[in-house]
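Below, each chain spelled out in residue letters.
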Amino acid sequence: MLIRVGQAGCALRWDAVQQCWRWPDPVGSQLYAWPAPPAMPSGVRLHESACVMVCCSSGRVLLGLGKRLGMLELPQPGQPVRTLQAQVLITIDAAEPRTAISDGCTDRDGNFVFGTANTAQDQRPIGSFYQYSQRYGLRRLALPAVVKAASIAFSPDGRTMIFADATRGELMQCDYDAERAKVGGMRTFSQLVERGAGAAIADSKGNIWSVQGGVLVQYDSAGEVLRQISLAREAVASVAFGGEGLRQLLVLGAQGGLYGLPPDVAKGLARGVADSLFIDSGSASIPVSRT
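If you're wondering where the values come from, they're calculated on a predicted model, not measured in any experiment.

Caption draft 1: Molecular detail of the nonpolar core. Among the nonpolar cores identified, the biggest contains 17 residues, and Phe-129, Leu-141, Leu-143, Met-161 and Tyr-176 are the most heavily contacted of them. Of all elements in the fold, only β14 (149–154), β15 (160–165) and β16 (170–177) reach the threshold of two or more residues within this core. When neighbours within four sequence positions are excluded, Leu-141 is seen to be in contact with Val-113, Phe-129, Tyr-130, Gln-131, Met-161, Tyr-176, Ala-181 and Val-183.

Caption draft 2: Just the pairing of β14, in detail. Buried residues dominate β14, accounting for six of its six residues. Where β14 lies against β15, four bridges are found, and the strand directions are antiparallel. Of the residues in β15, the one forming a bridge with Phe-154 is Met-161. Between β14 and β15, which pair antiparallel one after the other, the connecting turn spans five residues, and Gly-158 there sits at a positive phi close to 80 degrees.

Caption draft 3: Spatial organisation of the packing of aromatic side chains. For the coordinates displayed, the defined rule picks out 10 aromatic pairs. A centroid spacing of 6.3 Å and a plane angle of 80 degrees characterise the contact between Trp-209 and Phe-241, whose relative ring orientation is edge-to-face. Taken as a pair, Trp-209 in strand β19 (residues 208–212) and Phe-241 in strand β22 (residues 236–242) lie far apart in primary sequence, 32 residues in all. Of the two residues, Trp-209 and Phe-241, neither departs from the other in class, the shared state being buried. Chaining the aromatic ring pairs together yields one cluster made of Trp-14, Trp-21 and Trp-34. The lysine or arginine in question, Arg-139, covers the ring of Tyr-136, its NZ or CZ lying 4.0 Å from the ring centre.

Caption draft 4: Spotlight on empty space enclosed by the protein. For the coordinates displayed, the defined rule picks out three cavities of 30 Å³ or more. For the largest cavity, the calculated volume is near 80 Å³. Surrounding the largest cavity, Arg-22, Leu-31, Tyr-32, Ala-33, Pro-37, Met-40, Pro-41, Ser-42, Gly-43, Val-44, Leu-74 and Pro-75 form its lining. Taken together, the elements giving at least two residues each to the lining of the largest cavity come down to β4 (30–34) and β5 (43–45). Of all the elements, β4 adds the most residues to the lining of the largest cavity, at three residues. For the lining of the largest cavity, the class distribution of residues is nine nonpolar, two polar and one charged.

Analysis parameters
- Numbers given to residues run from 1 along each chain, matching the order in which its sequence is written.
- The predicted nature of this model means local features are confined to residues of pLDDT at least 70 and side-chain atom pairs, given and counted, to a pLDDT of 80 or more, with totals for whole chains, interfaces and linings taken over all residues.
- The side-chain values count all of the structure's non-hydrogen atoms but skip hydrogen atoms and water molecules.
- We define a nonpolar core as any set of buried Ala, Val, Leu, Ile, Met, Phe, Trp, Tyr and Cys residues linked to one another through side-chain atoms lying within 4.5 Å.
- A 1.4 Å probe rolled over the protein chains alone gives each residue an accessible area, and that area as a share of the maximum for its type sets the label: buried under 20%, exposed over 50%, partly exposed in between.
- The secondary structure listing takes helices from DSSP runs of H or I that are at least 4 residues long and strands from runs of E that are at least 2 residues long, numbered from the N terminus.
- Contacts between residues were defined by any pair of non-hydrogen atoms, one from each residue, lying within 4.5 Å.
- At least two DSSP bridges between two strands are needed for those strands to be called paired.
- Think of it this way: a Phe, Tyr or Trp ring, Trp meaning its six-membered ring, pairs with another when their centres are within 6.5 Å, and the plane angle makes it stacked under 30 degrees, edge-to-face over 60, tilted otherwise.
- A ring is considered to have a charge above it if a Lys NZ or an Arg CZ atom is located within 6 Å of its centre and within 35 degrees of its normal.
- For cavity detection a 1 Å grid was placed over the protein atoms alone, and a set of points counts as a cavity when a 1.4 Å probe fits there but cannot get out; an open set counts as a pocket when protein lies on both sides within 12 Å along at least five of seven lines, with lining residues being those that have an atom within 4 Å of a point.
- Grid points are joined across faces, edges and corners, and a volume is the space filled by probe spheres set on the points.
- Under the scheme applied here, ten amino acids are nonpolar (Ala, Val, Leu, Ile, Met, Phe, Trp, Tyr, Cys and Pro), four are charged (Asp, Glu, Lys and Arg), and all others, including Gly, are polar.

This is how it looks when you write it as structure tokens:
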């Protein structure tokens, strides 16, 4: 299977409510869906570029828009197609113009955990990791500063967080307490096979699927490499489980191609772990703060 639409962001997500994969195109400022929900367009244009997204309990999507988090209302069936404007919720690290949101996902409790990157040429480690929630607003996680936050994922039980600095040669892990936004016991999960950590997800057995230097690497829960997968046509940008029973693993290419795994690779894979929806109950109750 190959579907091609635009460039790829770093986030491919399965929308369990609409039963489709979604991903942003940060170059063309589009948000795509495949297969398109009934009577809905496969792509909608955004006023701003986004490279990170998660689905919300309200049916909206939460987007990482450069230095800001924004909430987007998706069009309803039959509505005219128009350019969509996200409601800005918060500006991240407002006093530091060099940083922007680079990666993020929901934890198992429905909070948005994300990190930032230094977008300037100096490449100093000034990026940070955060948790954002309806209940508590923005809380910084006590993890070391990075050049570019990447590979944020959670174990099936939600108690372990995987993360990386994309400029370094290892995946890290730490103990994670969602309620208190506390981390501890930071340690190396595994060395990278290829330089350049990207997106990461966990399957139901605790295996970690990690995009590295344009290839997809599967680790077991102890950090041992199980396999490496390359696409024939383009570099890997992101990966997500979805479909019936979360048994289908799709790979998003860097040029916007959406690929299924070859049958010999896909056979016998563990099913995925459903993304928790970001818990929101309407824009009026979402904390709006600045840091």
